[in-house]
Amino acid sequence: MDYTTKSCRDFVAVLASDAPAPGGGGAAALAGALGTALGSMVGALTVGKRRYAAVESEINALMARCRALQEELLDQVPADAEGFLPLARAYGIPKDDPSRAAVLEEATITACATPIRIMELCCESLEAIRVLAEKGSRLAVSDAGCAAALVKGALQAASLNVFINTKSLRNRALAAELNGKCLGMLETYGALAGEIFETVQAGFLP
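Nothing here was measured: the structure is a model prediction, and the numbers come from that model.

Colleague: I'm lost on the overall build of the protein chain in this one. Help?
Modeller: If you tally the helices and strands in the protein chain, you get six helices and zero strands. Its C-alpha atoms put the protein chain at 70 × 35 × 35 Å along the principal axes. Within the protein chain, buried positions represent 45% of all 206 residues. Pairs at least 24 apart in sequence give 76% of the contacts found in the protein chain among residues at least 6 apart. Accessible surface, the protein chain as shown: approximately 10600 Å² in total, 59% of it carbon and sulfur. With 19 positive and 23 negative side-chain charges, the protein chain shows a spacing of 4 Å between the two charge centroids.

Okay, here's the thing in structure tokens:
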């Protein structure tokens, strides 16, 4: 079920239950979508203002990009559930079944795909948020900082949903490849998100 079509309270209730999905990956995708939507809001509060006329076309393009990213991030909530369920079923295969190891390996690889995609989308979102924080309305700059904080959390949360799976992969070369990709995104874009947040924060404090 796509819980993004339900109320926020319904989503939180099922997230808090013992249901196998949504879990950390779905929550990460939703957090990323919320942060990206805040980026869109900064843009919406900027366009049409005479003070920002020189950057209006750029802001409009960033808003369009954020809208596309937030929709794709929401799509990752059910995608993550769909990617995890084969793994949950694979763990139920009897341990003496000769097919168990191969099925489990394939399901584990599949379960990594959506969290990695969530991370990629968060990285793209942070690139847009960086510009919105710099050029968007000063009245909404706090929202740009909030956007960066939420998307950074989503990026970090999604990575853990990869690492828990790569730890059990038999194909250690693939595990190292996937881990390296995630660590690279965390290093580059985690730092970018931190810089955005700290710059916004510094503007408010003495």
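Colleague: Can you walk me through the side chain of S159 in this structure?
Modeller: With respect to the helices and strands, S159 occurs in helix α5 (residues 141-166). Once residues lying within four places of it in the same chain are set aside, the contact partners of S159 are M119 and L186.

Colleague: Would you mind going over the state of the cysteines with me for this structure?
Modeller: Note on terminology: disulfide describes a covalent bond linking the sulfur atoms of two cysteines. Applying the stated criterion across every chain yields a total of zero disulfides. Of the cysteine sulfurs around C122, a residue in no disulfide, the closest is that of C123, at 7.0 Å. What makes C122 buried here is its relative accessible area of 0%. We note that C146 lacks a disulfide partner, and the nearest cysteine sulfur, in C66, lies 15 Å from it.

Colleague: How do you make sense of helix α6 (residues 172-202) when you look at a structure like this?
Modeller: Owing to its 3.6 residues per turn, the α-helix brings residues three or four apart onto one side. For α6, which comprises 31 residues, the first-to-last C-alpha distance of 43 Å matches the rise-based estimate of 45 Å (1.5 Å per residue) to within 8%. Residue N171 occupies the N-cap position of α6, its side-chain oxygen lying 3.3 Å from the main-chain nitrogen of A173.

Colleague: I would appreciate a short explanation of the nonpolar core in the present structure.
Modeller: The nonpolar side chains of soluble globular proteins are, as a tendency, buried together. In terms of nonpolar packing, the biggest core is built from 50 residues, with I59, M119, C122, L126, I129, L155 and I196 touching the most fellow members. Listed by contribution, the elements that provide at least two residues to this core are α2 (24-44), α3 (56-91), α4 (100-135), α5 and α6. Counting residues per element, this core draws most heavily on α4, at 13 residues. Beyond its immediate chain neighbours, meaning those up to four positions away, M119 contacts L155, A158, S159, C182, M185 and L186.

Colleague: I tried to follow the packing of α3 against α4 on my own but got confused; where do I start?
Modeller: Across the interface, α3 lies against α4 with an axial gap of 9 Å and an inter-helix angle of 165 degrees. Here α4 runs roughly antiparallel to α3, going by the angle between their axes. Along this stretch, α3 crosses α4, giving a crossing that reads as left-handed. In the contact of α3 with α4, the residues fall into 21 nonpolar, six polar and eight charged.

Colleague: Explanation requested: the environment of L45 in the structure shown.
Modeller: Structurally, L45 is set in the loop between α2 and α3. Take L45: its relative accessible area is 40%, and that puts it in the partly exposed class. Separated by 101 residues in sequence, L45 and C146 place their C-alpha atoms 15 Å apart. Not counting residues up to four positions away in its chain, the partners in contact with L45 are S137 and A140.

Colleague: Please explain unusual backbone geometry as it appears in this structure.
Modeller: Most peptide bonds are trans, and most residues other than glycine sit at a negative phi. The linkage connecting A21 with the following residue, P22, adopts the cis geometry, with an omega of 0 degrees. The topology assignment puts P22 in the loop between α1 (8-15) and α2.

Colleague: Explain the pattern of salt bridges here, please?
Modeller: Proximity of charged atoms lets side chains of opposite charge pair with each other. What the rule picks out here adds up to seven salt bridges. Between R130 and E127 there is a salt bridge; the shortest N-O distance is 3.8 Å. A residue pair is termed a helical-turn pair when its members lie 3 or 4 positions apart in one helix, as R130 and E127 do in helix α4 at three residues. Classification of R130 by relative accessible area gives partly exposed; the value is 30%. Note that R130 and E134 form a salt bridge whose closest N and O atoms lie 3.7 Å from each other. With R130 and E134 both in helix α4 and four residues apart, this pair spans about one turn of that helix.

Conventions adopted
- Residues numbered from 1 in each chain as written.
- Predicted model: local features only at pLDDT ≥ 70, side-chain atom pairs only at ≥ 80, totals over all residues.
- Heavy atoms only, no water.
- Helix = DSSP H or I, 4+ residues; strand = E, 2+ residues; numbered from the N terminus.
- Buried < 20%, exposed > 50% of the residue type's maximum accessible area, 1.4 Å probe, protein only.
- Contact = heavy atoms within 4.5 Å.
- Areas by Shrake-Rupley, 256 points an atom, 1.4 Å probe, with all protein chains shown as cover.
- Lys, Arg positive; Asp, Glu negative; His and termini not counted.
- Charge placed at Lys NZ, Arg CZ, Asp CG, Glu CD.
- Disulfide = S-S within 2.5 Å.
- Expected span 1.5 Å × (residues − 1).
- Polar contact = N/O pair within 3.5 Å; in protein donor to acceptor, adjacent residues only side chain to side chain.
- Core = buried A, V, L, I, M, F, W, Y, C linked by side-chain atoms within 4.5 Å.
- Axes fitted to C-alpha atoms, helices over the stretch in contact; angles between N-to-C directions.
- Parallel < 35°, antiparallel > 145°, perpendicular 65-115°, else oblique.
- Left-handed = near helix turned anticlockwise from the far one by under 90°.
- Nonpolar A, V, L, I, M, F, W, Y, C, P; charged D, E, K, R; others polar.
- Salt bridge = Lys/Arg side-chain N within 4 Å of Asp/Glu carboxyl O.

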